[in-house]
Amino acid sequence: MTTVDQILFGWAERDHEGNAGVRPVAHSGVRTIDRWAKRLQYVWATQDGQGEQPEETASLVHLVFEDEAAVLRKLPSRNPHGRGGATLTHVLVGDPPAIDARLALGLHDWPGWRDREPDGTGAGLAPLDLEALREAARAGLAALRERVTEVPDEQLTTLLAQVLAEPAAEFSVITRPHLALPTMTALLDIAGPVSGRPWTFASRESTDKGSHQPRVVFLAARPPQSMYINQRRRVDVGEAPPDTDTARFAAQLVELYREAGHAALERIRPAHPLHTADDVGSWRRSVPIVDGRIAEPRVRLDVFLDDDLLDRAVARGVLVSERARFAGELRKQPAEWLMAALRRWRRLEQRAVRRHELRDLLVSEAVEACLAGRTPEMLLQATHEAEPPASVVTDVFFRRLPREGLDLSRAEDWWLLGVALYLGVPAAALDRTGLLAASPAHEVMDLVKEYAERFPEAMRMVLHRLADAGERPDAARLWYDRGLLLGPVDRIAAGDRAKEVDCFRQLLIAAYGSGLGRADAEALVRRAGAHAPLGLYAAALELAADEAAEQPIRYELSEQCLRAEGYASRATGSGPAPRTGAPVPGRPTGPTARPGSAGAGQVSAAPGSYPPYPAATGAGSHPASASATRTHAEWAHPDTPGGAQSHASATSPRAAPHQAGGGVVPDPARWDPPGPPRQPSWSTADPHGGAAPQAPSDDRHRGFGGLGQLDGVSLFFVTALVLVLLCAVGYVLLTSVP
């Protein structure tokens, strides 16, 4: 660690050798303390401002010797013994490359300066960390650069013209004390290094006489005449310089400094330090002059906030060459700056229409800043309102994507995906295998729950990515714990049955893999029951591995169909009834179930207990299955040879489209949405080319052939009719005999 030593000069009483006056009273172990005592015996004594307020009379001094450099703060003070007018000088000592002019200027308001003498010589001073001093000096130097605006252009031009006329000279500048440090900062920024001794200064002095004076000494007033021969050039900034090429060049440099800052001067300054007036002339001829002004080769980012600067850059024709640099610098600007620029460059603003390439670059850089990490919400909103192109958001998103894919258990990956969705990344961009391969299943499901309403299509793609990994441990339990994601899937599908089936298909693959076994199907029906939409069971039938796995799903579909049409009995149904007062999503509604039926809240047979499917119709057939087959399947005749397969055909999308003697197999995903009670629709198309018979609701229990099973009343009327006919025939026969 590089350190800087400290020395404190103050009034000291007579010592054992009989010496009294100002001398070192404390230090941090400086080995060359005697040498510094001799060097500074005159410097500390030349401080001006006796009798004024101490905070207004402090002088900052920077000195460089052959092997050491120092920055001093001199302050008139009253010592503990009551002596007034003594100068308290706090000195920081170090290597010349470390203690340079910029560090000295930046420490003008350093809080570590001593403001009073210690009580005795035992006050301890410790070496200081150089990096900590540099960090403090950065803020102080930036504050001085902001204060340069307090210095009038004419005064700064006068001083700079004198310096450019004789760069190797030493100067005494007559100006107001509070302008000394800002003026020195501007001089250092514009002129840069000069030959001979490095830039050193004293900000407030009463005289410029003495040995080893700084290169620039600021005086509050011209000192009185004396017989002392002074080789320094005295500059009164209140006097205008002569009209020369050097003076005009100085004015142009000051104008560029005001407009583009110190960085612009560093870009046009010669590579070698200035030594003579000829060097200044070569420098003047090397810079481009446009309309009497120096053309800064680099454009400031303030062109996005200042129309005047924008017009100047356009007139100089440098915007095209500078756009490549903007692409790396805009995203690094503070969030407040980017927000202000985005508001000024709205899509329909005149400047945005005329300079659309600049607006596109600004919006793209704002997207980069938003996806780079945590950014303020206001910047996210401003970027969203700027309507960034989807292609830009997609490109930035995939450039930020980790190589192994997103891991949503990491906050930064969740942030990246959430911000990309908010800024408009299209859902199709998420259709990429392995995008969420590193993400735990529960994080992906939580993402779907959170964003299903705002980004339905994107969450549908996320479900596809969840299924890419196939069956995962505990995925089924996690899915059940989240209520089978019925609500999010309903919001994603928004009434589209095909999307609903697709979403549940991906969830089933993630939970059970590509094949659904009997045990898995029973668990699914037991968990879902009557609350599940038909799309879930349609997807389950597609993934059923065999007929045994299809059986519990078909049975539950039959129960739902019976309940929907009001035919459910106390003994039917395998799950709880639908919630009272609201239709089940994705399920056709029907008349209200009768009190006491399964549809009215009665619990039916134990879940998981399914009767075997009948081999033929008749007494051995399960009435619920037969009723559901006639209600929701295409009309099939149970008395035909294929009637035994009609139930399976009506409920399995994977079954053949036509069984022997059966009808067209319906797709549960195409059933009508919930609505008022209505009669079921029937298809009139026959797969063999004919027209299927229409089945009106009052003929549901009529058998094939016209005469079905007759009840007691019907049998009575038929018997009476036959007797009447027999009597009539007998009467005719008897009366016709001669």
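This one's a predicted model, so the numbers in the text were calculated from it and none came from an experiment.

**As for the overall build of the protein chain**
Within the protein chain, the regular secondary structure consists of 28 helices and 12 strands. Sequence separation of at least 24 residues holds for 69% of the intrachain contacts in the protein chain that already meet a minimum separation of 6. Split by element, the accessible area of the protein chain, about 36,000 Å² in all, is 53% carbon and sulfur.

**As for the packing of aromatic side chains**
Tallying each qualifying case throughout the model produces 10 aromatic pairs. With a centroid separation of 5.2 Å and an interplanar angle of 85°, the aromatic rings of W110 and W113 are classed as edge-to-face. Classification of W110 by relative accessible area gives buried; the value is 15%. With a centroid separation of 5.1 Å and an interplanar angle of 65°, the aromatic rings of F397 and F398 are classed as edge-to-face. In this structure an aromatic cluster arises from ring pairing among F304, F326, W337 and W345.

**Regarding the packing of helix α24 (residues 534-543) against helix α25 (residues 547-565)**
Across the interface, α24 lies against α25 with an axial gap of 10 Å and an inter-helix angle of 155°. When the axis of α24 is compared with that of α25, the two are roughly antiparallel. The chirality of how α24 crosses α25 is left-handed. Here L534, Y537, A540 and L541 of α24 lie close against α25, whose contacting residues are E550, I553, R554, E556, L557 and Q560. In terms of residue class, the contact of α24 with α25 is built from 6 nonpolar, 1 polar and 3 charged.

**Structural notes on the nonpolar core**
Among the nonpolar cores identified, the biggest contains 99 residues, and F304, F397 and W479 are the most heavily contacted of them. Aside from chain neighbours lying at most four places away, what touches W479 is M445, L484, L485, F504, L507, L508, A511, Y512, L524 and L536.

**Some thoughts on the environment of M459**
Mapping M459 onto the fold places it in helix α19 (residues 456-468). Separated by 12 residues in sequence, M459 and L447 have C-alpha atoms that sit 8.0 Å apart. Not counting residues up to four positions away in its chain, the partners in contact with M459 are L421, L447, V448, Y451, A452 and I492.

**Observations concerning the side chain of S59**
Of note, S59 is situated in strand β3 (residues 59-64). Looking at S59, its side chain comes within polar contact range of the main-chain oxygen of R204, at 3.1 Å. Side-chain polar atoms of S59 contact the side chain of E205, separated by 3.3 Å.

**A few points about the environment of P182**
In this structure, P182 sits in helix α6 (residues 180-191). C-alpha separation for the pair P182 and S203, spaced 21 residues apart in sequence, amounts to 9.9 Å. Beyond its immediate sequence surroundings of up to four residues, P182 is in contact with L144, R147, V148 and V151.

**With respect to the side chain of T200**
You can see T200 is positioned in the loop between α6 and β8 (201-205). At a separation of 2.8 Å, a polar atom in the side chain of T200 contacts the main-chain amide nitrogen of R215. Sequence-distant contacts of T200, defined by excluding residues within four places in its chain, comprise H62, L63, V64, P214, R215 and V216.

**Focus on the pairing of β8**
Among the 5 residues of β8, 5 are classified as buried, and the element is accordingly described as predominantly covered. Where β3 lies against β8, 2 bridges are found, and the strand directions are antiparallel. Bridged to V61 within β8 is A202. Both β8 and strand β9 (residues 216-219) contribute to a ladder of 3 bridges, which runs parallel. If you follow A202 over to β9, its bridge partner there is V217.

**Structural notes on the pattern of salt bridges**
As enumerated under the stated definition, the model contains 44 salt bridges in all. A salt bridge links D189 to R102; its shortest N-O distance comes to 3.6 Å. With D189 in helix α6 and R102 in helix α3 (residues 101-106), this residue pair connects regions lying 87 residues apart in the sequence. When salt bridges that share partners are traced, they join E457, R460, K499, D502, R505 and E542 into one network.

**Some words on helix α15 (residues 377-385)**
All of the buried residues in α15 are L379, L380, A382 and T383. Seen from one end, α15 has its buried residues packed into an arc of 165°, which puts them on one side. Summarising the contacts, the buried residues of α15 are in contact with α12 (335-344), α14 (356-372) and α17 (411-423). The positive-phi residue at the C-terminal boundary of α15 is E387, with phi of around 55°.

**Considering a nonpolar patch on the surface**
Nonpolar side chains collect at one region of the surface, where V718, V722, L723 and L726 lie side by side and expose about 360 Å² of accessible area between them. You can see L726 is positioned in helix α28 (residues 712-735). Judged by relative accessible area, which is 55%, L726 ranks as exposed.

**Brief notes about the packing of α17 against helix α18 (residues 441-451)**
Taken N-terminus to C-terminus, the directions of α17 and α18 make an angle of 30°; their axes are 13 Å apart at the nearest point. As the angle between them shows, α17 and α18 are arranged roughly parallel. Handedness of the α17/α18 crossing: right-handed. Here α17 contributes W414, L417, G418 and L421 to the contact with α18, which in turn contributes E443, D446, L447, E450 and Y451.

**As for unusual backbone geometry**
In this model, L484 sits at a positive phi of 60°, which is unusual for a non-glycine residue. When you line up the elements, L484 lands in the loop between α20 (475-481) and α21 (486-493). On the basis of relative accessible area, L484 is assigned to the buried category, the value being 5%. A positive phi is found at L485, a non-glycine position, where the angle reads about 55°. Here L485 lies in the loop between α20 and α21.

**What about the confidence of the model for the protein chain?**
When pLDDT is averaged along the protein chain, the result is 76; 72% of the residues meet or exceed 70. Low confidence marks residues 48-52, where pLDDT is under 50. Its contacts with residues over four positions away, or in another chain, come to 11 contacts. A low-confidence stretch, residues 570-708 (pLDDT under 50), is modelled with 230 contacts involving residues beyond four sequence positions or located in other chains.

**Section: helix α5 (residues 153-165)**
Each α-helix winds once per 3.6 residues, and so residues spaced three or four apart point in a common direction. Compared with the 18 Å implied by 1.5 Å per residue over 13 residues, the 18 Å span of α5 between its first and last C-alpha is a close match. Within the span of α5, buried status applies to Q155, L156, T157, T158, L159, L160, A161, V163 and L164. Each element contacted by the buried residues of α5 is listed here: β7 (171-174), α6, β10 (233-236), α7 (245-260) and α9 (277-286).

**A few points about the environment of L301**
Mapping L301 onto the fold places it in the loop between β12 (293-294) and α10 (307-316). The class for L301 is buried, based on a relative accessible area of 10%. Beyond its immediate chain neighbours, meaning those up to four positions away, L301 contacts F326, E329, L330, Q333 and W337.

Rules used in this analysis
Residues numbered from 1 in each chain as written. Predicted model: local features only at pLDDT ≥ 70, side-chain atom pairs only at ≥ 80, totals over all residues. Heavy atoms only, no water. Helix = DSSP H or I, 4+ residues; strand = E, 2+ residues; numbered from the N terminus. Contact = heavy atoms within 4.5 Å. Areas by Shrake-Rupley, 256 points an atom, 1.4 Å probe, with all protein chains shown as cover. Phe/Tyr/Trp six-rings, centres within 6.5 Å; stacked < 30°, edge-to-face > 60°. Buried < 20%, exposed > 50% of the residue type's maximum accessible area, 1.4 Å probe, protein only. Axes fitted to C-alpha atoms, helices over the stretch in contact; angles between N-to-C directions. Parallel < 35°, antiparallel > 145°, perpendicular 65-115°, else oblique. Left-handed = near helix turned anticlockwise from the far one by under 90°. Nonpolar A, V, L, I, M, F, W, Y, C, P; charged D, E, K, R; others polar. Core = buried A, V, L, I, M, F, W, Y, C linked by side-chain atoms within 4.5 Å. Polar contact = N/O pair within 3.5 Å; in protein donor to acceptor, adjacent residues only side chain to side chain. Pairing = 2+ DSSP bridges. Salt bridge = Lys/Arg side-chain N within 4 Å of Asp/Glu carboxyl O. Arc of directions from axis to C-beta. Patch = residues over 30% accessible without salt bridge, like charges linked within 9 Å, V, L, I, M, F, W, Y side chains within 5 Å. pLDDT = per-residue confidence, 0-100. Expected span 1.5 Å × (residues − 1).

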